[in-house]
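Residue strings, one per chain:
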Amino acid sequence: MLMPDKAEDQAQGLQRVRESQPVRVLAVTSGKGGVGKTNVSVNLATALAGLGRQVMLMDADLGLANVDVVLGLQTTANLSHVISGECTLDEILVSGPRGIQVVPGASGVSRMAGLSQAEHAGLIRAFSELSVPLDVLVVDTPAGISDEVISFSRAAQEVIVVVCDEPASMTDAYALIKVLSREHGIGRFHILANRVRDGQEGNVLYRKMAAVCGRFLDVTLHYIGAVPEDPMLRQAVQRQGAVVEMYPGSPSGRAFKNLALRADNWPVQSGTRGHLEFFVERLLNAPSAVEALWGD
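Parameters and conventions
- Residues numbered from 1 in each chain as written.
- Predicted model: local features only at pLDDT ≥ 70, side-chain atom pairs only at ≥ 80, totals over all residues.
- Heavy atoms only, no water.
- Helix = DSSP H or I, 4+ residues; strand = E, 2+ residues; numbered from the N terminus.
- Buried < 20%, exposed > 50% of the residue type's maximum accessible area, 1.4 Å probe, protein only.
- Contact = heavy atoms within 4.5 Å.
- Areas by Shrake-Rupley, 256 points an atom, 1.4 Å probe, with all protein chains shown as cover.
- pLDDT = per-residue confidence, 0-100.
- Pairing = 2+ DSSP bridges.
- Right-handed = clockwise from strand over helix to strand, strands pointing away.
- Salt bridge = Lys/Arg side-chain N within 4 Å of Asp/Glu carboxyl O.

1. A short note on the overall build of the chain
- A count of helical and extended segments in the chain gives 14 helices and eight strands.
- Looking at the chain as a whole, 54% of its 296 residues are labelled buried.
- A fraction of 79% describes how many contacts in the chain between residues 6 or more apart in sequence connect residues 24 or more apart.
- If you sum the accessible surface of the chain, you get close to 12400 Å²; carbon and sulfur atoms cover 49% of it.

This is the structure:
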């Protein structure tokens, strides 16, 4: 049970977040690691900023954070310092390509489902005190089907599932969709085919996923495009930058710009669900993913 002062802090924090402007929250996830999820998150955030949006990119990996490495950013504090109350969210932000604000991930921090009551209140307070203007929050979730992945995915308004042409990628993506739909009531997912030869291969991957989900799950899948294998993307990675900024005319750069245009047209949720309050509340009240996975 929260002590009176902690409960008051949490209630006041949620009220301040409730009074903020609507924010579109996009979770980028994959199930399996190694499919290019973080590069998708980085380039989607950068492309959205190129459309004039105020964008924050949150590295939600509490164990193996790597957005700062992908972008070559120097950080002195991270999400763990916000959770512990040592820093505000504003204090740990670092500027990325096209002015996106990056929340560096933590390393070796207890999972979200295991945060103490004081840490819960601290995280709510951190979001309530955020002073930077914000239109879109892109959340780069960890790989796998851990508690963190479930927590961040179910808290977001839109879930983007990144798949590639590997059996393990498809299997793990299906498992993630199954958990989120059956145990957490998420019925809509956006499928992005990554590292494919062409758009046709991307469509084939989507149709495979749609066929399996349509047979066993009550969900709606939306195909949002494909990002091709591209040597310019690999070069951007080696140079620690976003391909949409370094090589905007490359095949992958154009694909990410198209993805951003599509995501920018998704409606911003009205009411409570459209505010950061909803994201924070859902984030901190997520049940265990392990129980969800094996519950049936």
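Having put the structure on the table, let's press on.
2. Some remarks on the confidence of the model for the chain
- Per-residue confidence for the chain averages 85 on the pLDDT scale, and 81% of its residues sit at or above 70.
- Within the model, the stretch residues 288-296 combines pLDDT values under 50 with twelve contacts to residues more than four positions away or in other chains.

3. Re the pairing of strand S7 (residues 188-196)
- With seven of its nine residues buried, S7 lies for the most part within the structure.
- Two strands pair when backbone bridges link them, and strand S6 (residues 158-163) and S7 are joined in this way by four bridges, in the parallel orientation. Across the sheet, Ile160 pairs through a bridge with His190, a residue of S7.
- Considered for its hand, the β-α-β crossover made up of S6, helix H8 (residues 167-184) and S7 is right-handed.
- As defined by bridge partners, S7 adjoins strand S8 (residues 220-228) across seven bridges and the pair is classed as parallel. Note on S8: the bridge partner recorded for Val196 is Pro228.
- A crossover connection joins S7 to the parallel S8 through helix H9 (residues 199-216); in handedness this β-α-β unit is right-handed.

4. Focus: the pattern of salt bridges
- Inspection of every chain in the model, using the stated rule, returns eight salt bridges.
- With its nearest N and O atoms 3.0 Å apart, the salt bridge here joins Arg197 to Glu201.
- Classification of Glu201 by relative accessible area gives buried; the value is 10%.
- Members of the salt-bridge network, linked through shared partners, are Arg24, Arg53 and Asp264.

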